[in-house]
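# Examination of the molecular architecture
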Number of protein chains: 4
Amino acid sequence: MQRVRPLPGYLIQRYQGWKATRYKDNQAWYRHLAHEGQHPRAMVICCCDSRVHVTAIFGADQGEFFLHRNIANLVPPFEPDGAQHGTSAAVEYAVTSLKVAHVIVLGHSNCGGVKGCEDMCDGKAPELEDSSSFVGRWMDILRPGYERVKDIKDPETRTRALEKQAVIVSLENLMSFPFVRDAIAEGNLSVHGLWHDIGEGEVEHYSAEADDFVPI
Amino acid sequence: MQRVRPLPGYLIQRYQGWKATRYKDNQAWYRHLAHEGQHPRAMVICCCDSRVHVTAIFGADQGEFFLHRNIANLVPPFEPDGAQHGTSAAVEYAVTSLKVAHVIVLGHSNCGGVKGCEDMCDGKAPELEDSSSFVGRWMDILRPGYERVKDIKDPETRTRALEKQAVIVSLENLMSFPFVRDAIAEGNLSVHGLWHDIGEGEVEHYSAEADDFVPI
Amino acid sequence: MQRVRPLPGYLIQRYQGWKATRYKDNQAWYRHLAHEGQHPRAMVICCCDSRVHVTAIFGADQGEFFLHRNIANLVPPFEPDGAQHGTSAAVEYAVTSLKVAHVIVLGHSNCGGVKGCEDMCDGKAPELEDSSSFVGRWMDILRPGYERVKDIKDPETRTRALEKQAVIVSLENLMSFPFVRDAIAEGNLSVHGLWHDIGEGEVEHYSAEADDFVPI
Amino acid sequence: MQRVRPLPGYLIQRYQGWKATRYKDNQAWYRHLAHEGQHPRAMVICCCDSRVHVTAIFGADQGEFFLHRNIANLVPPFEPDGAQHGTSAAVEYAVTSLKVAHVIVLGHSNCGGVKGCEDMCDGKAPELEDSSSFVGRWMDILRPGYERVKDIKDPETRTRALEKQAVIVSLENLMSFPFVRDAIAEGNLSVHGLWHDIGEGEVEHYSAEADDFVPI
C-alpha cells in the first residue's frame, strides 16, 4: 500500500517521551495486563468527539474501562441478522466475555452527530437523507428520540434534549439485547446513562426515579 | 427505565476531583472547545480494549484526536447499502465534515477479538460462526487477513501476524471509500497503520517501502 | 535506593482531585485529628484482600477505625517471646494505648489465604508446607480450625466453614492475651466476629448464644 | 465463646444503609469480583492509624488495592526462619500469587508507633524495651532509621525524619526479599515510598534522584 505514510514526527516524539516516562514508571502494570489479560470493571460507550476525555474525567487507569466510541454514543437495537454490527459486537464481547459489571452510556453537549440528526429530521440536511450517507443512516437510530423532543420551541433546549435522547434511546436499545437483560436480571450488570457538558465540565446522570437527567 | 442505576460513588468522587482540578485549570480551553467546535488534527481508529490508552501514548489533549474504538480496530469495506455502519459513519464524518489531516489505525498485542477470529477460522470456536454472533460476524472482516497468515507454523508468530493484518485489512478497506481516496489524492489526508505491544510499550508502524511493520 | 520509582501519574491526579475536594471540605477535621490525636472507637482486623472495603461497609469516617489488615484476618496466639509479632503489636497498641471499645474480626468469602490453608492441610499444596513459605507458616495459625471442619463432605460448605473458623480461631487467640481478657472483664472492651459475603453483600456475626454465625 | 458480643446497633444500621445503597448500586461489580477473583494492581502497606484513608486519597474502588496495614507501615527484613511473619506473608502473596505491579509503602505524620520508637530509643519508654512488649519488639525494626536521625536537634524535625525513615527502612527491607528483587529486575514490579501529612493533606514521595522525599 504505497499510499500509507509514516507517522508525523511530532507524534513519534511524544510517543518516545511517553515510553521514557509514563511507560517506564508503569512497566510492571503494563506487563501484568499483557500477561494476565484485561479485567475491566466497566464498558463505556461514548462519542468519537475529540473533546470527550472519559479516562481523564473518571481518573481511569489502563485496564479499567472497555471503551467503545462511535458517532453520538449510539447503541442500535438488537438485530441478529448476520450483518456487521460493530457496536453490538462490542456490547456482546463486554457483557458475555469480559463480564463487565457496568455499561455506561456517556452523551455530551455540542455533539455534531446529534445536530446533524436534528437538521436531517427537520428537513434541513437532505445530503444526510441519501441512502449512501453513512452518517445519516447511523443517525437514523436517534429518530425515535427526535419524535419525543421535536415540539420543544427553544432551539437550544431542543438540541440539548436530543443529546440526552441519544443516551436514553441507547439505553432502551441496550435493554433489547437478551444477554444484557439477563445479566441485569441476575444482578451481574447495571447500566447507567450520563450526559456531559464540555464547556462547563458538568456531568448529569439519568435518574430512574426522576425519569430525567439530574446533576451528580 | 427503572433498571437504569445511579453512578457508583467512587466514580462520582473521582469526577468531582477532576472538576476541581484538571477542569478548573483548563476551563478556558474547555469553553473554547465548546463554543468554537472541535478541530481535531487526526482520527484514530483503535480497539475497545481497556489496555490501549491512545491519548496517553501520544500525549493528546482535549480536542486533538477524533477517536473511534471498536473490537479489533477494524474498518469494513465501503458498502453504501443504506444499512447502519457505525465505523463507516465515523470515517465519513471525520474525513468529510471535520476534514482531519490524518487517519491512524492502531492495532495492538494480546487482542481478544483477533484471537477469537483466529479460533473461529481454525474451526475451534463454533459459537462465533453462528449467524447471531455479533462478535463472529464483526470479525468476518478480518477473514482475508487470516487467509494470508494461516500457514505460519509458530502459533505466537501467527497470532501476532494476524493482529497486524487487522491493521492492514483496515487500511485496505479505508482505501475503498471514494472520499478517502479523493482526500489522499488531493493531498488533504494521509493514512497510517500502527501496532502497539501492550506489555513492552513498543509501537511499530506500517512502512510502505518495507511493506511491513517496522519499529518507530 | 535507585530502584524506587515515582508514583504512577493516574494516582497523582486522583490524589490531587481528593486534595481539592474531600480534603478541602474536611480540612478542619483533618487538622483536628492531626493536632488532637486519634481516638478510634474500634479496632477492625480484616484481610488484605482488595475486595474488602470495611470503611465503606460501615460508613467509617477518618479517625473511626484502627485498621489492621493481614492475610486471612488472623490473630496468632499470645506468645511474648521477644520476636516480632506485627498483629500482636497492633492489638496491644489498640487495647492498651488507644483503649478502643471494640475489637472486630472481619472474615470474608472467597479468601485466597483460607483456600491456601485448606489445600495445604489437604496435602495439595506442598510448596506452602516448606519452612521458607511465609504464607504457609502464617496460615499454620488456622490449622486448629481445619481440624474442626475437615470431615465436612461438600467442598463449598467446607471452605466456607473454614473461612468462619479463621474468625473463630482469631477470637479464641485474642482471648489468650491477658490485656484483652482484663479489658473485657473490666467492661472496657467487647470483641466481635463477622463474616462477609463479597458477592452477595451479606454480613453474618458470631452469636455466642447460637455458637454460630447468624445474619445481622 | 460467651464473651463475644453482638455488633453495636449503630454499625448494623450503617451496614444496612450500605447494603441498600452502595452495595445495590455496585452489586454487579461485587459479584464479578467474587466470581472472577481479585486482580489488584497494587499492594499498599500503610499504618493501622485510623486517620489514614488510603482508598479515599487515591480514589480506589473495590478490587484495586491489596492493603496490608500494621503499626507504622513497617516491613521487616527477609527472615525465612519458619516463624510466623504476617507482613512477609502478605508481601509474598501479593508479589508471587497476585503478581501486583506496584508495592507502595505509605507513611504518615503524627504516627504513634514511630513516636513510641523514638521515645524507646531515647531511653524514655522503658516499658517498650521489655521483651514482652509486642509494640516495642515490632518497633525494633525501625532502630536502623533512628540511628540515622538521632543527631537532629529540633524535636519536630527529628520526629518527622523518623516517620520518613519508617518508609525508607521498609523499602530497604522489601529489597531484601529475593522474590521482590527478582520481580523488579524482570520489570514486573515497581516499589514506591510515600509520606502523608494528615493535617495538611499533603503527600510526598521518595525520589531516587533526590534521595529524599519531595512533594508530588
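Residues numbered from 1 in each chain as written. Chains lettered and ligands numbered in written order. Predicted model: local features only at pLDDT ≥ 70, side-chain atom pairs only at ≥ 80, totals over all residues. Heavy atoms only, no water.

This part is about the relation of the copies chain A and chain B. Between chain A and chain B, which share one sequence, the superposing operator has a rotation angle of 180 degrees and an axial displacement of 0.0 Å; the RMSD is 0.1 Å. The superposition operator between the copies reduces to a two-fold rotation axis. Looking at the rotation axis and the C-alpha trace of chain A, the residue lying nearest is Arg 69 of chain A, at 2.4 Å. The fraction of interface residues of chain A whose copies in chain B are also interface residues reaches 99%, indicating that both copies meet through the same surface. (Least-squares fit on C-alpha atoms with pLDDT ≥ 70 in both. Contact = heavy atoms within 4.5 Å.)

Right, let's talk about the interface of chain A and chain B for a bit. Listed by partner, the interface residues are 100 residues for chain A and 99 residues for chain B. Of all residues in chain A, the largest losses of buried area upon contact with chain B belong to Met 1, Gln 84 and Phe 134 of chain A, amounting jointly to 10% of the total for that side. Our count for the contact surface shared by chain A and chain B stands at 6 salt bridges. As a salt-bridge pair, Lys 19 of chain B and Glu 202 of chain A come within 2.7 Å of each other at their nearest N and O atoms. Counting across the interface, chain A meets chain B through 46 residue pairs in polar contact (both at pLDDT 80 or more). Among the elements that line the side of chain A that touches chain B, the one with the most residues is helix H1 (residues 9-36) of chain A, at 13 residues. The class makeup of the residues in the side of chain A that touches chain B is 49 nonpolar, 30 polar and 21 charged. (Buried area = accessible area lost by both parts, 1.4 Å probe. Salt bridge = Lys/Arg side-chain N within 4 Å of Asp/Glu carboxyl O. Polar contact = N/O pair within 3.5 Å; in protein donor to acceptor, adjacent residues only side chain to side chain. Helix = DSSP H or I, 4+ residues; strand = E, 2+ residues; numbered from the N terminus. Nonpolar A, V, L, I, M, F, W, Y, C, P; charged D, E, K, R; others polar.)

Quick look at the environment of Asp 197 of chain B now. Residues and elements named next belong to chain B. When you line up the elements, Asp 197 lands in the loop between strand S4 (190-196) and strand S5 (203-207). C-alpha separation for the pair Asp 197 and Ser 109, spaced 88 residues apart in sequence, amounts to 5.0 Å. Once residues within four sequence positions are removed from consideration, Asp 197 is found in contact with Ser 109, Arg 160 and Glu 202. For Asp 197, the side chain forms a polar contact with the side chain of Arg 160, separated by 3.5 Å. Here Glu 200 takes part through its backbone nitrogen, which lies 3.0 Å from a polar atom of the side chain of Asp 197.

To continue, consider the state of the cysteines. Per the stated rule, a full pass over the model turns up 0 disulfides over all chains. Cys 121 of chain A supplies the cysteine sulfur nearest to Cys 117 of chain A, a cysteine that is in no disulfide, at a spacing of 4.0 Å. On the basis of relative accessibility, which here comes to 0%, the residue Cys 117 of chain A falls in the buried class. The cysteine Cys 48 of chain B is free of any disulfide, with Cys 47 of chain B supplying the nearest cysteine sulfur at 5.6 Å. (Disulfide = S-S within 2.5 Å. Buried < 20%, exposed > 50% of the residue type's maximum accessible area, 1.4 Å probe, protein only.)

A separate point is the domain arrangement of chain A. Residue and element names in this part refer to chain A. As far as domains go, chain A holds domain 1 (1-37) and domain 2 (38-215). Here the C-alpha centre of domain 2 lies 29 Å away from the C-alpha centre of domain 1. Each partner contributes to the interface: domain 1 provides 5 residues, whereas domain 2 provides 5 residues. Summing the contributions of domain 1 and of domain 2, the shared interface buries around 420 Å²; its carbon and sulfur component is 51%. At the surface where domain 1 touches domain 2, the tally comes to 0 salt bridges. (Domains from an automatic or database assignment.)

Before going further, it helps to spend a moment on the packing of aromatic side chains. When we look at a pair of aromatic rings, we describe it by the centre distance and by the angle of the planes. What the rule picks out here adds up to 44 aromatic pairs over all chains. With 5.7 Å between their ring centres and 55 degrees between their planes, Phe 134 of chain A and Phe 177 of chain B make a pair best called tilted. Taken together, the residues Phe 134 of chain A in helix H6 (residues 134-139) and Phe 177 of chain B in the loop between helix H9 (155-174) and helix H10 (178-185) connect one chain to another. Per residue, the accessibility class of Phe 134 of chain A equals that of Phe 177 of chain B, and both read buried. (Phe/Tyr/Trp six-rings, centres within 6.5 Å; stacked < 30°, edge-to-face > 60°.)

Under the 1.5 Å per step criterion, the end-to-end length of H9 of chain B is 28 Å for 20 residues, consistent within 8% with the ideal 28 Å. Where burial is concerned, most of H9 of chain B is hidden: 15 out of the 20 residues are buried. (Expected span 1.5 Å × (residues − 1).)

Turning our eyes to something else, we now look at the pairing of strand S2 (residues 65-70) of chain D. Residues in a regular strand point their side chains to alternate faces of the sheet. Residues and elements named next belong to chain D. Most of S2 is tucked away: 6 of the 6 residues are buried. By the alternation rule, side chains of S2 split into Phe 65, Leu 67 and Arg 69 and Phe 66, His 68 and Asn 70, which are all buried. Here strand S1 (residues 42-47) runs beside S2; their pairing, made up of 6 bridges, is parallel. In the strand pairing of S2, Ile 45 is matched with His 68. (Pairing = 2+ DSSP bridges.)

Time to look at the interface of chain B and chain D. Facing the 5 residues of chain B at the interface are 6 residues of chain D. Note on chain B versus chain D: buried area summed over both sides is about 600 Å², and carbon and sulfur give 36% of it. It is Arg 5, Tyr 10 and Arg 14 of chain B that lose the most area in chain B upon contact with chain D, and together they represent 68% of the buried surface on that side. In this structure, the connection of chain B to chain D is made through 2 salt bridges. The salt bridge involving Asp 25 of chain D is made with Arg 5 of chain B; its shortest N-O contact spans 2.4 Å.

Residue and element names in this part refer to chain B. Pairing analysis gives 4 bridges linking S5 to strand S6 (residues 212-215), with the strands arranged antiparallel. Bridge pairing links Glu 204 to Pro 215 in S6. The turn linking S5 back onto S6 is made up of 4 residues, and Asp 211 within it adopts a positive phi angle of 50 degrees.

We now examine the UniProt feature "binding site: Zn(2+)" (unreviewed entry) in chain A. Following the UniProt record, the feature "binding site: Zn(2+)" (unreviewed entry) maps to Cys 47, Asp 49, His 108 and Cys 111 of chain A here. Of the residues just listed, which span 65 residues, no C-alpha pair is farther apart than 8.9 Å, and they cluster in one region. Here Asp 49 of chain A shows up in the loop between strand S1 (42-47) and helix H2 (54-57). The class for Asp 49 of chain A is buried, based on a relative accessible area of 2%. Beyond its immediate stretch of four places on either side in the chain, Asp 49 of chain A contacts Arg 69, His 108, Asn 110 and Ile 198 of chain A together with Gln 38 and Phe 66 of chain B. On the basis of relative accessible area, His 108 of chain A is assigned to the buried category, the value being 2%. Beyond its immediate chain neighbours, meaning those up to four positions away, His 108 of chain A contacts Cys 47, Asp 49, Arg 51, Val 52, Asn 73, Glu 163, Trp 195, His 196 and Ile 198 of chain A. (UniProt positions renumbered as here; feature names shortened; annotations may be inferred.)

On to unusual backbone geometry. If you check the backbone angles, Asn 73 of chain A has positive phi at about 45 degrees while not being a glycine. Structurally, Asn 73 of chain A can be placed in the loop between strand S2 (65-70) and helix H3 (86-97).

Once that is clear, we can look at the environment of Tyr 15 of chain A. Following the sequence through the fold, Tyr 15 of chain A ends up in helix H1. The exposure class assigned to Tyr 15 of chain A is buried, which follows from its relative accessible area of 3%. Distance from Tyr 15 of chain A to Asp 197 of chain A, taken between C-alpha atoms, is 30 Å for residues 182 residues apart in sequence. Other than its neighbours up to four places away in sequence, Tyr 15 of chain A contacts Ile 57, Phe 58, Gly 201, Glu 202, Val 203 and Ile 216 of chain B. A distance of 3.2 Å separates a polar side-chain atom of Tyr 15 of chain A from the backbone nitrogen of Val 203 of chain B.

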